[in-house]
Structure formats: C-alpha cells, structure tokens
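# Coordinate analysis (summary)
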Amino acid sequence: MAASPRALFRLVVASARSRVLLLPPPARPLLGARACSTGAQFHYLAVQKTGTQQNVGLIQLNRPQALNALCEGLMEELRRALEAMENDPQVGAIVITGSQKAFAAGADIKEMQNKGFQECYSSGFLSGWDKVSTVRKPVIAAVNGYALGGGCELAMMCDIIYAGEKAQFGQPEILLGTIPGAGGTQRLTRAVGKSLAMEMVLTGDRISAAEAKEAGLVSKVFPVDKLLNAAIACAEKIASNSKLVAAMAKESVNAAFETTLAEGTRTEKRLFYATFATDDRREGMTAFVEKRKAKFTDS
Ligand code: CAA
C-alpha cells in the first residue's frame, strides 16, 4: 500500500536526521508540495533541506503526469527555490533531481506549440532558465530516467551530473522541427565534443548513462535506487568545506568554459589570491599544520 504524503514526510525527515535518506517510489514526490526554509510554497517542486547537518538543499521536480516537462510555472518555482537556497547561509550545496522515470522530458511542448517568433523574441523565452547556471553554490543534478531536450540542458546547467544506470540523455528538438534553446548546442558540445554532440543534435538519438559517462557528460553512474543518496553524500562533502571558497572554486572552473586559457588562468590566479583574504584559508592551513580538522566559518 502506498504511504500517505504525511507518512512519507515523516520518513524522509527522520531518515535524513539519521543520515540515510529513503527514496520515494517512482513518480512520487519526496514530500509533496512543501515549504522550503523561506516558507515559499511550491506546486511543481518538493523542496527541503537534508543531510546530517541539514546543509544540502534538495529540489525534486514534481510534475509526474508530464514527466517533469519544464513548463513556465515549474521553471519560475525552480528559480525561486534556488534563490531561497542561495540566500540560506546553512545550505552549502544543492541537489536537483526528478523521479525514477524522468529527470525532465524537456521544455513543455504543449506550452510551446502555438508560440510565434515575436512572442518568443519579445518575452526572451527560456532566458529565465539562466538562473540555474548563475547560482554561486555548487549544484548537482541527480538524473534518473529521461533527461531530454530542456531536461538534458537543465542537467548540463548544473555543476556535476550523477546518473542512474537507466538514465537517457538526448536533444531531440530536431524531431520537433526546432533546435535546443537552453544551451544544449553549446554545453553538450563542450562536454562530449563535436562529433557526438552533432550526432545527438542532428538525429535526436539518445545516449545511455554508460555512454554519457564514457563521453564525459556525467561523472558517476549508480544503481537507480542509490543515485539520490550518492548525490546527497557528494553535496554534503562539498558543503563541509568553506562555502565562500567553494563559490570561488566554482567560479574559477566555470571560467574554463567562458574564456581563453590565458584569461582563465588569470581569473584563477585572482581568485586564488583572494582566498588569502579569507579566514577560511588561514584556518584550513593552520588546521593542517596543527594536525586537526578545519573549522570553516564561511568568512
Ligand atoms: N512537454 C509536454 N508534455 C510532455 C513532454 C514534454 N516535453 N514529455 C512528455 N509529456 C507528457 C506527454 O504528452 C504525456 O501526457 P498525456 O498523458 O497528457 O498525453 C505524458 O507526459 C507522458 O508521456 P508519454 O505518454 O509520451 O510517455 P512515454 O513513456 O510513452 O514516452 C518520452 C516518454 C519518450 C519521454 C516522450 O514523452 C517524449 O518523447 N517526450 C518529449 C521529449 C522531447 O521532445 N523533449 C524536447 C522538448 S523541446 C525542448 O526541450 C526545447 C528546449 O531546448 C528547451
């Protein structure tokens, strides 16, 4: 018999406290629509803090009847949830996940069906999605099932992609008479190289989790039911470091995708020097010398 949303909520909270987070059954929200730390309500997302220190922000896309198709309402909520986590000093890393069947099956085709050029252009259609790639805190995508079109693009906006064994990645927009519009042609090409990116974008063919791992699109692959806990464990590890310095490290790695090598190494140097203005750099090195664990204060 399926557990009620309230029972699921108690299970998840209790298990998060005891370090082990129970997975929801397929196509079910972790908590149902719930409040995050700001008290904001979500219809398309389940949002909570998790991890032993409650320092991981967990966002589950929760639109199972449409395989988490990324309608405008969902993306607006995602923007709000990310902003709330960005502003929450307790949160050190964020995990975005979907259901076991679908991370997200793309932008909402039914919403796009009757749009014209002028509407897309004038409203800057999809430009609000950029929020995902501009969050300063590290973001991990935990991808089970379909990550297609905008779903694949959403995963690629994150900093790390972990995949479940049955995940499938693809940019099938060509089959709809359009092309990727949320960074797919750019991020996929940088991640997997020109030949495979061209093949995926021009044929609409999907690749498996194993192929995505081999191509460098994802960093690790896990059994379906182990994926979320693995992503949360990685987020906890990141969150145990200085949040300030983690943001600098993220900014520096991202410079590799946005600038020339010379500009990127200059950016890195400036950020490296900047760490010497932080208490956490001093504490980290002092702790090493004193043979103890560092106590970072994010300052
Ligand atoms: N938009 C809107 N609704 C979607 C959707 C999408 N991207 N993907 C799935 N759905 C809906 C279906 O319409 C269906 O709803 P109804 O029950 O009301 O008919 C429901 O989700 C379940 O889908 P299926 O019955 O198709 O499920 P399936 O298991 O047979 O197939 C699938 C799964 C292969 C993922 C298939 O749903 C599919 O091909 N979806 C579209 C994938 C796609 O083309 N994505 C790219 C979108 S364009 C884009 O993302 C542009 C961009 O760059 C931002």
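The present account deals with the structure reproduced in this document. (Residues numbered from 1 in each chain as written. Predicted model: local features only at pLDDT ≥ 70, side-chain atom pairs only at ≥ 80, totals over all residues. Heavy atoms only, no water.)

### Structural notes on the sheet that holds strand β9 (residues 207-208)
Read from one edge of the open sheet, 4 strands run β4-β6-β8-β9, paired in mixed fashion. Two strands close off the open sheet at either side, each with one partner strand: β4 (102-104) and β9. Sheet topology places strand β8 (residues 168-170) next to β9; 2 bridges connect them, and they run antiparallel. Paired with Q168 across the strands is S208, a residue of β9. Along the sheet, helix α6 (residues 150-157) contacts β4, β6 (146-148) and β8; its crossing angle with β6, the most-contacted strand, is approximately 90 degrees. (Pairing = 2+ DSSP bridges. Helix = DSSP H or I, 4+ residues; strand = E, 2+ residues; numbered from the N terminus. Contact = heavy atoms within 4.5 Å. Axes fitted to C-alpha atoms, helices over the stretch in contact; angles between N-to-C directions.)

### Quick look at the nonpolar core
Ranked by size, the top nonpolar core spans 48 residues in total, and within it I59, I96, F169 and L217 carry the most contacts. Among the elements that make up this core, the one with the highest residue count is helix α2 (residues 72-86) (6 residues). Filtering out sequence-adjacent residues up to four positions away, I59 remains in contact with L45, A46, V47, L78, A81, L82, M85, I94, V95, I96 and T97. The next biggest cluster of nonpolar side chains, apart from the first, holds 16 residues, and it includes L58, A142, F222 and I232. (Core = buried A, V, L, I, M, F, W, Y, C linked by side-chain atoms within 4.5 Å. Buried < 20%, exposed > 50% of the residue type's maximum accessible area, 1.4 Å probe, protein only.)

### Re unusual backbone geometry
The phi torsion at Q54 lies on the positive side, around 55 degrees, for a residue other than glycine. With respect to the secondary-structure elements, Q54 resides in the loop between β1 (45-50) and β2 (56-61). Among the residues examined, Q54 registers a relative accessible area of 27% and is labelled partly exposed.

### Section: the layout of surface pockets
Its boundaries defined by the atoms lining it, the largest pocket holds a volume of some 1,100 Å³. Lining the largest pocket are 38 residues, with D159, K250, V253, N254 and F257 sitting closest to its centre. Breaking the lining of the largest pocket down by element, the ones donating at least two residues are α5 (131-134), α6, β7 (160-164), α7 (184-192), α11 (243-258), α12 (261-275) and α13 (279-289). Tallying contributions element by element places α11 first for the lining of the largest pocket, with 11 residues. (1 Å grid on protein atoms, 1.4 Å probe; cavity = no way out; pocket = protein on both sides within 12 Å on 5 of 7 lines; lining within 4 Å. Points joined across faces, edges and corners; volume = space filled by probe spheres on them.)

### A closer look at the site of the ligand
In the neighbourhood of the ligand, 24 residues make up the surrounding shell, with A107, G150, E153, E173 and G181 lying closest. In the environment of the ligand, an oxygen atom lies 3.0 Å from a nitrogen or oxygen atom belonging to the side chain of K101. Within the contact set of the ligand, an oxygen atom lies 2.8 Å away from a backbone nitrogen or oxygen of A107. Considered on its own, the ligand offers 990 Å² of accessible surface; in the complex 67% of this is hidden by protein. Going through the elements one at a time, α3 (109-112), β6 and α6 are the ones with two or more residues in the shell around the ligand. (Near = heavy atom within 4 Å. Polar contact = N/O pair within 3.5 Å; in protein donor to acceptor, adjacent residues only side chain to side chain. Areas by Shrake-Rupley, 256 points an atom, 1.4 Å probe, with all protein chains shown as cover.)

### Concerning α12
With 15 residues, α12 should cover 21 Å at 1.5 Å per step; its first-to-last C-alpha distance of 21 Å lies within 8% of that length. Elements in contact with the buried residues of α12: α11 and α13. (Expected span 1.5 Å × (residues − 1).)

### Concerning the pairing of β1
Within a regular strand, side chains alternate between the sheet's two faces. Burial within β1 is extensive, with 5 of its 6 residues counted as buried. Across 6 bridges, β1 lies against β2 in antiparallel orientation. Considered in β2, the bridge of K49 is made with G57. Counting the residues in the hairpin turn of β1 and β2 gives 5 residues, including G51, whose phi is positive at 95 degrees.

### Focus on the pattern of salt bridges
Counted by the stated rule, this structure contains 10 salt bridges. Put simply, K250 and D159 hold a salt bridge, and the shortest N to O gap is 2.7 Å. With K250 in helix α11 and D159 in the loop between α6 and β7, this pair connects stretches of sequence that are 91 residues apart. With its nearest N and O atoms 2.8 Å apart, the salt bridge here joins R292 to E283. Using a relative accessible area of 34% as the deciding quantity, one classes R292 as partly exposed. A single salt-bridge network, built from bridges that share partners, covers E72, K115 and E119. (Salt bridge = Lys/Arg side-chain N within 4 Å of Asp/Glu carboxyl O.)

### So, the packing of α7 against helix α8 (residues 194-203)
Packing of α7 against α8 leaves a shortest axis separation of 7 Å and a crossing angle of 140 degrees. Our classification of the angle between α7 and α8 gives oblique. Along this stretch, α7 crosses α8, giving a crossing that reads as right-handed. In this structure, α7 uses T185, L188, T189 and V192 to contact α8, whose residues at the interface are K194, L196, A197, M200 and V201. Looking at side-chain class alone, the contact of α7 with α8 contains 6 nonpolar, 2 polar and 1 charged residues. (Parallel < 35°, antiparallel > 145°, perpendicular 65-115°, else oblique. Left-handed = near helix turned anticlockwise from the far one by under 90°. Nonpolar A, V, L, I, M, F, W, Y, C, P; charged D, E, K, R; others polar.)

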